[in-house]
Amino acid sequence: MQKKIRVLIVDDSAVVRQCLSEIINSDPNLEVMAAAVDPFIAAEKMRHERPDVIVLDVEMPRMDGLTFLRKLMAQHPIPVVICSSLVAEKSATYIEAMAAGAVDVICKPQMAVKSFLNDSHRTIIETVKAASKARVFAHRPHKVESKHSADVILAPPANATAMTQTTEKIVAVGISTGGPEALRIFLEAMPPDSPAIVVVQHMPAAFTRAFAERLNTSCAITVSEAKRGDRLLRGHALIAPGNQHLLVQRSGATYQIDIKDGPPVSRHRPSVDVLFRSVARVAGRNAIGVIMTGMGDDGARGLKEMRAANAYTFGQDEASCVVYGMPKEAKIIGAVDEELPLERLAGAVLRISRSDRAAKG
């Protein structure tokens, strides 16, 4: 018999604790280990039994949820799902929670919370299950009716259209669960003269701009949310806007951004598969692909297309991933040239881009 996933609920609202308990206990693979009104009581309960997942509010008496999350990750890392109304109103709270180590976020309203939680029954269960598989250190799943491939946004290339050689490399990055912190580490290691970088990070539309602005304050390169028509420039990283697909187009010997609507691809919008396919088509061997921590398989097929177009491809290794899903799927289908730990990825990307430039004279 499969062992149940044990969940600790930490929320000062009795209504929320009861409602979440009923939802979680309704699934045969989940059980509520305990419920606590604040982090101090939660810590006491954890002295006797360790949960597999914690569902955590932000606003609570005696200690706020983010402080508790930071302490928890520093001492006893456990997958945490933040369930709070603050993340719906203040994107900074979302970014802080993900940077502090939260695996996922459930945005609950300030009013009619019980009704919302009941309506979100399936999402809550799937989020908790997904969180239990995360590796945490010292996408939510995205729910759509069908799983599309990149064909619905960009047709497979009949013939290669990429220029054989250009002066500049571009770096295409796909990342999901565990991404905010991993992407920070990757981008902070990039020098001001790094090749142009374009990123799909699975993240809701309300948060991508604030996420890019936060990264821009800590990186030597310029980081911003991508807009249609933006050029890919050395020393710049562009983050795909939430809820829209990002593609790279060629304009002469340079590259620029296109933004498209359309159905989710590989259950995501923006989709890494869409980005990678577009880069394979227009950049080919002038590109470097990087697939990092994330749940599911978005990006695996696109990375294989990049590799087939003679781009050099990297995957983040299992030990450094929060969730070894996307890189694993890419590796399984032969899309990865080189698999490396997170802290070595930026250096390896720079090595490939600089050695190639030197070889071209």
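Calculation criteria
Residues numbered from 1 in each chain as written. Predicted model: local features only at pLDDT ≥ 70, side-chain atom pairs only at ≥ 80, totals over all residues. Heavy atoms only, no water. Helix = DSSP H or I, 4+ residues; strand = E, 2+ residues; numbered from the N terminus. Areas by Shrake-Rupley, 256 points an atom, 1.4 Å probe, with all protein chains shown as cover. Buried < 20%, exposed > 50% of the residue type's maximum accessible area, 1.4 Å probe, protein only. Arc of directions from axis to C-beta. Pairing = 2+ DSSP bridges. Axes fitted to C-alpha atoms, helices over the stretch in contact; angles between N-to-C directions. Contact = heavy atoms within 4.5 Å. pLDDT = per-residue confidence, 0-100. Left-handed = near helix turned anticlockwise from the far one by under 90°. Nonpolar A, V, L, I, M, F, W, Y, C, P; charged D, E, K, R; others polar. Phe/Tyr/Trp six-rings, centres within 6.5 Å; stacked < 30°, edge-to-face > 60°. Right-handed = clockwise from strand over helix to strand, strands pointing away.

## A short note on the overall build of the protein
Step number 1: Tallying secondary structure elements over the protein gives 13 helices and 14 strands in all.
Step number 2: About 15,100 Å² of surface is accessible on the protein, with carbon and sulfur atoms providing 49% of the total.

## Points about helix H9 (residues 208–218)
Step number 1: Considered for burial, the residues of H9 that qualify are Thr208, Phe211, Ala212 and Leu215. Mapping the buried residues of H9 onto a view down its axis gives an arc of 95°, with all of them on the same face. Facing away from the buried surface of H9 by more than 90 degrees, the exposed residues are Arg209 and Thr217.

## Comments concerning unusual backbone geometry
Most peptide bonds take the trans configuration, and most residues that are not glycine carry a negative phi.
Step number 1: Omega for the peptide link from arginine 269 to proline 270 comes to 5°, which places this bond in the cis form.
Step number 2: Its place among the elements puts proline 270 in the loop between strand S11 (254–260) and helix H10 (272–282).
Step number 3: At arginine 62, a position not held by glycine, the phi torsion is positive, near 75°.
Step number 4: Its location among the elements puts arginine 62 in the loop between strand S3 (53–56) and helix H3 (65–75).
Step number 5: The exposed category is assigned to arginine 62, whose relative accessible area is 60%.
Step number 6: At asparagine 310, a position not held by glycine, the phi torsion is positive, near 75°.
Step number 7: In this fold, asparagine 310 is placed in the loop between helix H11 (300–308) and strand S13 (312–316).
Step number 8: Relative accessible area serves as the criterion here: at 58%, asparagine 310 is assigned to the exposed category.

## Focus on the sheet that holds strand S14 (residues 338–340)
Step number 1: Read across the open sheet, the seven strands follow the order S8-S9-S7-S6-S12-S13-S14; overall the sheet is parallel. If you trace the sheet from one side to the other, it starts and ends with strand S8 (222–225) and S14, each paired once. Each strand axis lies, on average, 20° off the axis of its neighbour in the sheet, ignoring direction.
Step number 2: Of the strand pairs in this sheet, S8 and strand S9 (residues 236–239) are connected by four bridges, and their pairing is parallel. Its bridge partner lying in S9, threonine 222 is registered against histidine 236.
Step number 3: Packing against the sheet, H10 makes contact with strand S6 (170–175), strand S7 (196–201) and strand S12 (287–291), and its axis sits at approximately 160° to S6.
Step number 4: Relative to the sheet, H11 contacts S6, S12 and S13, its axis offset from that of S12 by approximately 155°.

## Let's talk about the environment of serine 194
Step number 1: Tracing the chain through its elements places serine 194 in the loop between helix H8 (179–188) and S7.
Step number 2: The spatial distance from the C-alpha of serine 194 to the C-alpha of leucine 233 is 9.2 Å, given a sequence separation of 39 residues.
Step number 3: Excluding its chain neighbours within four sequence positions, the residues that come into contact with serine 194 are Ile221, Arg234, Gly235 and Leu350.

## Looking at the confidence of the model for the protein
Step number 1: On average, residues of the protein score 87 in pLDDT, and 88% of them are at 70 or above.
Step number 2: Least confident of the elements in the protein is helix H4 (residues 86–89), whose mean pLDDT is 64; most confident is S9, at 98.
Step number 3: Across residues 139–146 the pLDDT falls below 50, and counting only partners more than four positions away or on other chains, this stretch makes 23 contacts in the model.
Step number 4: Here residues 357–361 scores under 50 on pLDDT; set against residues more than four positions off or in separate chains, the count is six contacts.

## Overview of the packing of H8 against H9
Step number 1: The N-to-C vectors of H8 and H9 enclose an angle of 35°; their axes lie 10 Å apart at closest approach. The crossing of H8 and H9 is right-handed. In this structure, H8 uses Pro180, Leu183, Arg184, Leu187 and Glu188 to contact H9, whose residues at the interface are Phe211, Leu215 and Ser218.
Step number 2: Taken together, the residues of the contact of H8 with H9 break down into five nonpolar, one polar and two charged.

## Side note on the environment of serine 132
Step number 1: Its location among the elements puts serine 132 in helix H7 (residues 121–132).
Step number 2: In this structure, the C-alpha to C-alpha distance between serine 132 and isoleucine 78, residues 54 residues apart in sequence, is 8.7 Å.
Step number 3: Leave out the neighbours within four places in its chain, and serine 132 touches Ile5 and Val53.

## Side note on the packing of aromatic side chains
Step number 1: Applying the stated criterion to the full structure yields two aromatic pairs.
Step number 2: Here the aromatic rings of tyrosine 94 and phenylalanine 207 are separated by 4.0 Å at their centres, their planes lie at 5°, and the arrangement is stacked. When sorted by exposure, tyrosine 94 lands in the same class as phenylalanine 207, which is buried.
Step number 3: For the ring pair tyrosine 312 and phenylalanine 314, a centre distance of 5.1 Å and an interplane angle of 55° mean the geometry is tilted.

## Concerning the pairing of strand S4 (residues 80–84)
Step number 1: Most of S4 sits out of view: five of its five residues are buried.
Step number 2: Residues Val80, Ile82 and Ser84 point to one face of S4 and Val81 and Cys83 to the other, with burial holding for every one of them.
Step number 3: Here S3 pairs with S4 via three bridges, running parallel. Residue valine 55 lies in a different strand from S4, and its bridge partner there is valine 81.
Step number 4: The handedness of the S3 to S4 crossover, carried by H3, is right-handed.
Step number 5: Note: S4 against strand S5 (residues 104–107), four bridges, orientation parallel. Among the inter-strand pairings, valine 81 is bridged to a residue of S5, identified as aspartate 104.

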